[in-house]
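# Notes for the structure review
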Amino acid sequence: MKINRIKLPCRDAGQLKKICLVMKLTWLLILTICLHSTASVWSQTNQIALKKNNASLEDVFNAIEDQSGYRFFYNNDEVDVSHKVTIDVSDQSIGEILNQAFKGLPYTFRELENKLILIERVSVLAGVDGTQQSRTITGKVTDTSGAPLPGVTVVLKNTTQGTITDINGKYSIGNVTSGVKLVFSFVGMRSLEVSVDDQVIVDVSLEEETIGIQEVVAVGYGTQRKVNLTGAVSTISADALESRPVANVTQAIQGLSTGVEVVQTSYGGSLEGVASINVRGLNTIGEGSTGGPLILIDGAEGNINYLNPSDIESISVLKDAAASSIYGSRAPFGVILITTKKGTKGKPVITYSHNSRINKPMNFPETADSYRWALFINDASNNSGSPDFVGPERLQRIKDYIAGKPGVTNLPVDPGNPTRWAAGSVEGNDNLDWWKVVFKERALSQEHTLGLRGGGENVNYYISGGFLDQGGLLNLGGDGLKRYNVTANLETFINKWATFSYNGKFSREDYDRPSHFEDRFMQYMSRIQPANPLYDPNGNLYDVTTDRLSIIDVGGRYTRIIDHTSNQFGLRLEPVKGLQINGRFFYRLSDRFARTVKMKTYAHDVNGNPYVAESENFVSEYIERNDFISQDYYAEYDKAFGLHHFRVMAGLQSEENLFRKASATRHGLIITKNPTINVTTGTNSSGDPVAPSVSGAEDEWATAGYFGRFNYDYMGRYLLEANFRYDGTSRFRSDRRWGFFPSMSAGWNIARERFWESWSHHVSLLKIRASYGVLGNQNTSALYPTYATMSVGMNNGGWLLNGDRPNTAYSPTLVSSALTWETIKAWNIGTDVAAFQNRLHLTFDYFTRYTHNMVGPAPELPNVLGASVPRTNNTDLKTYGFELELNWTERLANGFRYGVKFLLSDAQTIIQKYPNHTRNIYSYLEGHKTGNIWGYETIGIAKTQEEMNAHLAGLSNGGQSALGSNWSAGDIMFKDLNGDKRIDGGTGTLDDSGDLRVIGNSTPRFQFGLDLNAQWKGFDFRSFFQGVLKREYYNGGYNFWGAGPNVWWATAYIPHLDYYRDDPNHPLGLNLDSYYPRPYFNGDYWSGSRNKATQTRYLQNAAYIRLKSLTLGYTIPSPITAKIKVDRIRVYLSGENLWTYTKISELFDPEVLDKGFTGSVYPLSKVYAIGINVSL
Amino acid sequence: MKLHIISLYTVLGLLFSSCADDFLDRAPISEITPANYLTDETHLSAYTIACYGPTNGWNIGDPDTDSQAAIGYSHMFAPGEWKVPASGGWSFSSLYNYNYFLETVVPRYHRGQITGNESNIKHYLGEMYFFRAMFYFDNLKTYGDFPIITKVLADDREVLTDASKRHPRTEVARFILSDLDSAINLMKTVSPDGRKNRLSRLVALQFKSRVALYEGTFLKYFNGTAFVPNGPGWPGKTKNYHSGFNFQSGSISGEIAFFLDEAMEAAKEVADQVGLVENNQIMKQTLSDPSNPYNEMFSSEDMSGFEEVLMWKDFDSSLGISTYAGKSFYGGNFGVGLTRGMVESFMMKNGLPIYAEGSGYQGDDSLQSIPVNRDNRLALFLKVPGQVKALYNTPVVVYEGVPDILANHEHQKYTTGYAHRKGLNLDNNQNNDGRSTQGEISFRAVEAYLNYIEACYERHGSLDDKAVDYWRKIRRRAGVDEDFQKTIHATDLAREAIGDWAVYSAGNFVDPVLFNIRRERRCELMGEGLRAMDLRRWRSMDQLISVPYHIEGFKLWGPMQHWYDPGQLTYNVGSSSSVSAPERSKYLLPYEKTMESLVYDGYRWHMAHYLSPIAISHFLITSEGNDIESSPLYQNPGWPAEAGIGPS
């Protein structure tokens, strides 16, 4: 018989490499088609009997080929087929025969398609070592109950070779030599490594990953096993942050942890600002001190928003005093500890992740066209006793323009000045939806992160670089943000007892927007008339002076660069076992450069001749540098005496923060491209010199403190922890500077008791814990609150002197040199439960926190003082609430794994002491909750004059005249709660609040998060809902009401048109059952009066639920990716803010309804993203 | 490098708490502490300049009087609608700023601890006395009796409650005069900037004449009412601390004489020193027409060259300091229209009132006929269709054909049909909305002339030579027959009462001489913001209590109705009526178009409205246990001590 042998000179260059590649690709294909079967078919179906004594390998191959129909091929240069072997088997598989034949030889084999068996030489190393043996290993993977686990990834450690278990949990992996390790991994199960010596069958059983129980969490100056925690600590895992198409970490953590609230600011969805973070409700009333959580990144204070979310390994939130008191004065209101990724021993792993996003603005109010706007405004004018604001002639033009009547332009010529266009706000008849003019339909963004992670004997490393290009939503002018991040974490094991670490971070954020898009812009924006044009009839930009809308496009740019460079050096010594000494030196340099350029802009007259519209023409630079130095040194000793386990830690820390800033402004830009101060003339638009405006300042603050901790536990059953901190701050004078802040906590893990043994199968963790601690708050708003300073301004006077703005000065404010620490005392009781084989986890905490001696507005004093009364420590409040976290994760027999996580937290605040001498209800009241809304009770809208008259007749002692005059049909009827036959608010004090009562509370209550996730066969799914279950809000501004104090403070959105109309011939139709009463202008900008008075009918139910994020990902099976030398490829689709349910007026977004000027804010975005994660 | 030193220092330092204290001792680095400031002339200058006026605004004129009418009416003329506020109202924050300065600088000055030019230092000190006087004058006008505080007070409730005691108005007025005397003694005759952008001795003198005349006439006309100390029902009597009050001069008539004498003396000094700007009676209509200084005084970008201007405010739009003034004079004065009464108040050139026989009055059937043969001030300042309103930086722009009475926004609205052009600058660039840079007059010397004439007549019942001279100068400049006796003889007070509240004091006609002095003041100071003050001190609104007054504009329902599309002149059609009905008056009634107007039946008045109510929160905070009676404060006459309701 002729042996058909194929020579494969694979090591030759050229064409054959292509063959190899084709082969690899073919393999990939095969694996994809018959994932679970190929490896084991022949070994089970071809049983062979063979007896050869001292025969050549070639003979053995021939014999097998004869019996089985398989054919061998190999490279003659690699395989010495003349080698003599002895084989004696009956009824064995080809694999087993070959394993025997190759024993001690450097050959391995693989089955290919079409009954081909490839013989290859194994690696040189293995070949040199004559004892190595290459073979195929088979086996079965089960879970702890013995059920087979399909889909488990089995790889040879540190190689790309691997497979996946079939439906019966079986696997087969070829080409295995002795001394290697097999790694079994499966989502939801603890990974397992098994050393392979000479066995051929490796059956393993994987344990479920016990979430939370064995987990180690970061706590202040160290780590703690979660099971042994006695304080209130919650964690956020990196998984939950992955694939979130967000602009910063703050957005990503919203709702992920109980007790952590993310509050939007007046910036709303603008990239210029970020939301703020709050832990456990109201901490101070913010009248002289601030109280955010301390955010520590790898142990040093940092800004969470300049981090690349991909660099985060884990986040711990220390919520109660016991957990955070180790940070003393800096951490009275919780700590957020962020740990970034570190290197790990092993081969270098390169990761790359990318996502591309589309941001779409949410909640544009639907704008009425200019005709309906005009009708609304005219009705409001008429109701206020004024004739139509939009006269018949203009109204006709508006109608004609909408109808597209030929020859009707959007703006007439100024009747008072025929060379100029008329004022758009007075004569315009355009029809614009300004929201759509100013904002885009969509903005594009992208994010890239490249990382390298690995480690060896002496060093571990993690290095990453990230780039975010986030597009803003501004259509006119445009805005955007770019962030660059570089992170390097290195650890060097100098010797057995010394480790040196270095952590370096750099971030840059570039932000830019039109310079005229300032704070007030959104307020202008929400009240500009739809009839006011953007372009004049000649197509030139129209000069809308006060609103500045048209010039944001051409009026210059504001650009801001913020750099953070931080370096942290650490040395860890372990001279004797159990004793660790740590020293860390952290230095961060932050620079901020901002440039405002305002350019002269031109409008054009009727004949197209330009004239100066905006004469402001300058470059302004602002520079700020911040040096932050933090050092901490601490030692920890860990020792067990039998079942008693002790840990003691002590150390000291100092922080120093230095700020320097300077700014300069000079007028008279010469060129408009790349404008800098150098290219300004220093003259105003009429050519007269203007003194440049310059300023500079320096500030600093420092803290120093000593801390210590003692831990004790008995068999993990009884747990005890005590902390202390002794802190000083530069903010107070030396006699009131230092504070001592102790805390105690204890826990009892009942599940570790003997009597529980029979239950421990069901409930493996049942811990109750309690803590109490005292903390201080040094975060007074002022850096030098005990020093009186003069308020001096340079070139800022409003009264010109010799053509320039003069310097100004004002009297110093009064200060209290007795100012000192706010004291925070906090109780916490909680329980942790793990049950049903750790599938269910429950954590519950109840807390009470007292803020004593809060820096508050000093006593209300008679006005004759003439100065604001100095703030003192004179206010107390109590915040209390609970947090519940329920987590269920389960893996079904078919490999489907799912998890449900429910988070619920609540916090309320009661003012216990406040200097409100007159008990004014619009201020804080002792014994009352914060956020109470006082208002009238609404009876309804009077549908007829008779109804109103009857109502007023019942109010014989003054009717509703305290709220306004001329009450008629379409107005609100209020209820006389105190029976004095008139409607009024009394003196507005608790003793006499008239007909006002508490009608709601604006504190967000019962904040919840719901995380539903699942994984199956490489697919992963996560949906995350977040919301507030109870909150009320009252908006008295024009954004809610349409008509504000006068026609200039008014707007008309579609919902505003649902107002009372009793005229059947009204162009908008009869509307007796309206939502709104008849519109009315009143002179009050902020709070409503008359129909707009705070009242039950228009109280908004601000509860909401929002699908904050949704992700669907697919991980390509590793055997496939392995073939292109890639460890892991995951692709995903994700979205943010995709769905919301709320009962709030459709004019507002529930997250920002109280932000900005009566709710006009830069819109938040809905995001759609597509992304990929790759690791090599 | 500093950081290295600090780090080493910290580690070592922390081991010893006292060193840690050094580490934590951080005083402000770049802030100025009070001890180091107000020690140099430049500091004083910066501090006082910050006290100057509002940063922006336009000549709002005299709305809510019989002379001008804004788009909206004031609730002041609808008794019951002006209510006692719960909070707000009086504020002492600027006073704190002034007192801090005086308390700090005066002792340093006397100890010679302030560096710089002595006369400048004195000038700035004088400025601060002036500002304090101005603060007190504002509050005297608004509240009458008022706490006098000359020191920075301790933040102690008891001290502050005690300091809240109201001083009788005569004491307040005397206090103002004494501050002004300090200002007069300390300030330079010409301000240090040399361009009259700052206060000066002359300004202080003129202001002193204003305050003294105010108080002298107020006391005279309110004598015998609850509005003057010790008058019947004076609320101050309810407080023990006023039980022994006596006028400094012993009697109210003594006080009246004192203040009027002071007014005359101060006014005389200014009037004798400062001449009036010439009026060549030319209204510039072409580039070749000569300028008229009297016209340009009100509208120039640089007003320093006009002798009569004692102080003015400068603007520069590229520095963000600009106004709406240009826009206002181009259009309808931002809706603040002249009333028929104001326009009719001007005499004829020949010195006769318009109604007098042989006056030559052409009637008011058209805007063009009104200024014919009139007082040149009306001819110069009344806007008439066809007049040129922009010559520079533009093709010639002519005043629009017809006053836009139908517009409803201040940019174009002619509330009454009448508008003035006192302040019109012929440069088209001044028209830019909110970017006018023409100056604003703060004080002009003609007021001193007028103050003297009036004070003299009120004090002596006759005019002395100086008064006669001043009056003649004013009339000469106005292009009116200097013989004021001729006007006086021809004056019919009953006829004047149609358009001028100042015919009355305390509900009765005043004598024709006094009325004509008041008329002169009204015409010369038209639109300059002093009318409301004058009407109050003259007690000229009592008659509105029983007989409502209808604010009238131009004669719409004469031939001028044909200037408008008849379809647009809607009336008696409910809330969307655009004009008042012809059967109510031939003249446009700006506030009587719809029944929704609270003054549909005319302006009415309540005695209490002569002063403002004090907000209830100030009573509560100075009381014990929210018992208003225990507060040292008392409410002004006629106002209740309860929030949210009007005077009874």
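Presented here is an overview of the structure given in this document.

Calculation notes
- Residues numbered from 1 in each chain as written.
- Chains lettered and ligands numbered in written order.
- Predicted model: local features only at pLDDT ≥ 70, side-chain atom pairs only at ≥ 80, totals over all residues.
- Heavy atoms only, no water.
- Helix = DSSP H or I, 4+ residues; strand = E, 2+ residues; numbered from the N terminus.
- Rg over C-alpha atoms; globule rule 2.2 N^0.38 Å.
- Buried < 20%, exposed > 50% of the residue type's maximum accessible area, 1.4 Å probe, protein only.
- 1 Å grid on protein atoms, 1.4 Å probe; cavity = no way out; pocket = protein on both sides within 12 Å on 5 of 7 lines; lining within 4 Å.
- Points joined across faces, edges and corners; volume = space filled by probe spheres on them.
- Nonpolar A, V, L, I, M, F, W, Y, C, P; charged D, E, K, R; others polar.
- Pairing = 2+ DSSP bridges.
- Polar contact = N/O pair within 3.5 Å; in protein donor to acceptor, adjacent residues only side chain to side chain.
- Contact = heavy atoms within 4.5 Å.
- Buried area = accessible area lost by both parts, 1.4 Å probe.

Broken down by element type, chain B carries 21 helices and 8 strands. Taking 648 residues into account, the globule formula puts the C-alpha radius of gyration at 26 Å, and chain B, at 27 Å, falls close to it. Over its C-alpha atoms, taken along the principal directions, chain B stretches across nearly 100 × 60 × 55 Å. Buried positions account for 63% of the 648 residues belonging to chain B.

The next point concerns empty space enclosed by the protein. Residue and element names in this part refer to chain A. The full count for this structure, using the stated rule, is 18 cavities of 30 Å³ or more. In this structure, the largest cavity occupies an estimated 220 Å³ of space. For the largest cavity, the lining is made up of 18 residues, of which Ile297, Leu307, Lys505, His564 and Ser566 are closest to its centre. When contributions to the lining of the largest cavity are tallied by element, the ones reaching two or more residues are strand 19 (300–301), strand 25 (480–495), strand 26 (498–514), strand 27 (557–573) and strand 28 (579–598). Looking at the lining of the largest cavity, its residues break down into 7 nonpolar, 7 polar and 4 charged. Roughly 160 Å³ of volume is contained in the second largest cavity. Asn363, Trp435, Leu1147, Gly1159 and Val1161 are the residues nearest the centre of the second largest cavity, which is lined by 15 residues in total.

Moving on: the sheet that holds strand 18 (residues 294–297) of chain A. Backbone-to-backbone hydrogen bonds pair the strands of a sheet. The strands run either parallel or antiparallel. Residue and element names in this part refer to chain A. The 5 strands lie next to each other as 15-20-21-18-19, forming an open sheet whose pairing is mixed. In the strand order of this sheet, the two ends are held by strand 15 (233–237) and strand 19, each with one partner. Inspection of the sheet shows strand 20 (residues 312–318) paired to strand 21 (residues 335–340) by 6 bridges, in the antiparallel sense. Paired with Ser314 across the two strands is Thr339, which belongs to strand 21.

Turning our attention to the side chain of B:Thr487. Residues and elements named next belong to chain B. With respect to the element layout, Thr487 can be found in helix 16 (residues 484–490). Among the polar contacts made by the side chain of Thr487, one reaches the main-chain carbonyl oxygen of Gly351 at a distance of 2.6 Å. Among all residues touching Thr487, those that are not within four sequence positions of it are Met347, Gly351, Pro353, Arg475, Asn516 and Arg519.

Once that is clear, we can look at the interface of chain A and chain B. By convention, interface size is frequently given as the accessible area that disappears when the constituent parts associate. In this complex, chain A contributes 101 residues to the contact, which on the side of chain B involves 106 residues. Interface area for chain A against chain B, summed over the two sides, is near 8700 Å², with a carbon-plus-sulfur share of 58%. Counting across the interface, chain A meets chain B through 16 residue pairs in polar contact (both at pLDDT 80 or more). For the side of chain A that touches chain B, the element with the highest residue contribution is strand 33 (residues 693–714) of chain A, accounting for 8 residues.

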